[in-house]
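Residues per chain are reported as follows:
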Amino acid sequence: MNIVHVDERLVVVDKPSGLLSVPGRGPDKQDCASSRVQAIYPDALIVHRLDQATSGLLVLARGPEWQRSLSREFAERRVAKRYVAVVQGRPEAAAWQLVDLPLSCDWPNRPRQQVDRLHGKAALTRWRVLQPEGACRTRIELEPVTGRTHQLRVHMAALGYPICGDPLYGPGEPSAERLLLHAAELTLLGQQFSAPLPF
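Heads up: these notes are all about the structure in this document. Here the structure is a predicted model, which is why all the values come from computation and not from measurement. (Residues numbered from 1 in each chain as written. Predicted model: local features only at pLDDT ≥ 70, side-chain atom pairs only at ≥ 80, totals over all residues. Heavy atoms only, no water.)

## Here's the deal with helix α2 (residues 64–75)
The condition that has to hold: Here a helix means four or more residues in a row that DSSP labels H or I, a strand means two or more in a row labelled E, and each is numbered from the N terminus. For a helix, the expected span equals 1.5 Å multiplied by the number of residues minus one. The cut-offs for exposure are 20% and 50% of the maximum accessible area for each residue type, with area from a 1.4 Å probe on protein chains only; residues under the lower value are buried, those over the upper are exposed, and the others partly exposed. Directions from the helix axis toward the C-beta atoms define the arc. We call two residues in contact whenever any of their non-hydrogen atoms come within 4.5 Å of each other.
Spanning 12 residues, α2 covers 16 Å between terminal C-alpha atoms, matching the ideal 16 Å at 1.5 Å per step. S69, L70, E73 and F74 are the residues of α2 that are buried. Along α2, the residues classed as buried sweep out an arc of 145° about the axis, all on the same side. In this structure, α2 carries E65, R68 and A75 as exposed residues pointing more than 90 degrees from its buried face. Each element contacted by the buried residues of α2 is listed here: β2 (10–15), β4 (55–62), β5 (80–88) and β11 (181–188). Downstream of α2 by a residue or two, R77 has a phi angle that is positive, lying close to 60°.

Listed below in C-alpha cells is the structure:
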C-alpha cells in the first residue's frame, strides 16, 4: 500500500483493490488499510471508506481532533473526489451528466444497495465519457456529489452501464479480474492528491 502524503493533519494512502478500509468481522478480516497505516502512524484514524473492491485514495486523520475536522469536510461536501472506471457498453456523454437516483439498502440481499425513489436517501453522481476501451467497454470519470454506499456502482448499473468486474451489480459473469473503479484524485483542505491508474 503506497503512502501518498503525510503531514501533521492527515495521511493519504493509495489503497489496493481487495483490501478492506477498516477491520471486518472475524479474525480473517483484520488486515486492512487503517491497521496497516496505524502500524506506522499509531495516531491515524479513518475519516472515510472505500469499498474493498475499489482502489485509490483513502484519507486518515492524525488524532481525534483532526478526525472530527476532516469528517466535517466530507460531511459538508467540501472535498472534491474524482474516480475513473471502465464500464460495459458504449455510453455517449462527452459532456458532464448528472445521475439523481435515491438509494437505500436492499436488506434481503445485503450488502447490495438499490435505487429507491420512495424511501431512498438522495444520491447524486456527475460522470462523463473519457474514451472507448476495446470492443464494448468505455472509460469514464465520475464525481460523487453525495457519498452513499456503492453509489457509483449502483448509479452506473442503473443507467445500463455496469462497472466492469462488479460482482454485485454486473450482469453475472465477471467481466474483469477486479472491479475497474479507482479513486484517482482528491482535493482536501486546499491540497490536491492523486493516485496513478492501475488499469
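## Things to note about unusual backbone geometry
Geometrically, the link from R110 to P111 is a cis peptide bond, its omega value of 10° lying close to zero. Locating P111 in the fold gives a position in the loop between β7 (103–105) and β8 (113–115).

## Remarks on the packing of aromatic side chains
The following threshold applies: Two rings belonging to Phe, Tyr or Trp (six-membered ring only in the last case) form a pair when the distance between their centres is within 6.5 Å. Interplanar angles under 30 degrees mark stacking, angles over 60 mark edge-to-face geometry, and anything in between is tilted. Throughout this description, the term charge over a ring refers to an Arg CZ or Lys NZ atom that lies within 6 Å of the ring centre and within 35 degrees of the ring normal.
Scanning the entire structure with this criterion turns up 0 aromatic pairs. It is R9 that lies over the ring of W66; its NZ or CZ is 5.8 Å from the centre. Positioned above the aromatic ring of W96 is the side chain of R126, whose terminal nitrogen or guanidinium carbon lies 4.4 Å from the ring centre.

## Concerning helix α3 (residues 151–158)
Within an α-helix, residues lying three or four positions from one another point in the same direction, as the helix has 3.6 residues per turn. Of all 8 residues making up α3, 6 are buried, and the element is well covered by its neighbours. Inspection of α3 places Q151, L152, R153, V154, H155 and M156 among the buried residues, and these make up the whole buried set. In the stretch just after α3, G160 is the one whose phi turns positive, near 95°.

## Describing the pairing of β11
Walk down a regular strand and you will see the side chains alternate between the two sheet faces. Keep this limit in mind: DSSP-based pairing: two strands are paired if at least 2 bridges between them are found.
Counting buried positions over the 8 residues of β11 gives 6, a clear majority of the element. Where β4 meets β11, 2 bridges bridge the pair, whose relative direction is parallel. For S55, the partnering residue across the bridge sits in β11 and is H182. In the sheet, β5 pairs with β11 via 6 bridges, with the strands oriented antiparallel. Looking across to β11, one finds that R82 is bridged to E185. The antiparallel hairpin formed by β11 and strand β12 (residues 191–194) contains 2 residues in its connecting segment, where L189 sits at a positive phi of about 55°.

## Describing a nonpolar patch on the surface
We count it as follows: To count toward a patch, a residue needs a relative accessible area over 30% and no salt bridge; like charges are then connected within 9 Å, while nonpolar side chains (Val, Leu, Ile, Met, Phe, Trp, Tyr) are connected within 5 Å. The Shrake-Rupley method, run with a 1.4 Å probe, gives the accessible areas here. Residue values count only the displayed protein chains as cover. Put simply, a salt bridge is a Lys or Arg side-chain nitrogen that is within 4 Å of an Asp or Glu carboxyl oxygen.
Residues I3, V6 and I40 make up a contiguous nonpolar surface patch of roughly 210 Å² in combined accessible area. For I40, the location among the structural elements is in the loop between α1 (33–38) and β3 (44–46).

## Concerning the side chain of H155
With respect to the helices and strands, H155 occurs in helix α3. Setting aside residues no more than four positions away along its own chain, H155 makes contact with V99, L101, L103, A123, L124 and T125.

## Comments concerning the pairing of β4
A large share of β4 lies buried, amounting to 7 of its 8 residues. Where β2 meets β4, 6 bridges bridge the pair, whose relative direction is antiparallel. Looking at β4, one finds that D14 is bridged to L57. The sheet contact formed by β3 and β4 spans 3 bridges and is antiparallel. The partner of I46 across the bridge, within β4, is L60.

## Regarding the nonpolar core
Nonpolar side chains in soluble globular proteins tend to be buried together. The line we're drawing: Note on terminology: a nonpolar core comprises buried Ala, Val, Leu, Ile, Met, Phe, Trp, Tyr and Cys residues joined through side-chain atoms within 4.5 Å.
Among the nonpolar cores identified, the biggest contains 27 residues, and Y83, W127, I140, L142, M156, I163 and L181 are the most heavily contacted of them. Looking at this core, the element that brings in the most residues is β5, giving 3 residues. If near-sequence neighbours (up to four positions away) are discounted, L142 is found in contact with K81, R82, Y83, A85, T125, R126, W127, L152, M156 and L181. If you look at the next biggest cluster of nonpolar residues, it comprises 13 residues, including V47, V59, A61 and L70.

## Observations regarding the environment of V47
Mapped onto the elements, V47 comes out in the loop between β3 and β4. Separated by 27 residues in the primary sequence, V47 and F74 have C-alpha atoms spaced 8.3 Å apart. Sequence-distant contacts of V47, that is, excluding residues within four places in its chain, are made with V59, L60, A61, L70, S71 and F74.

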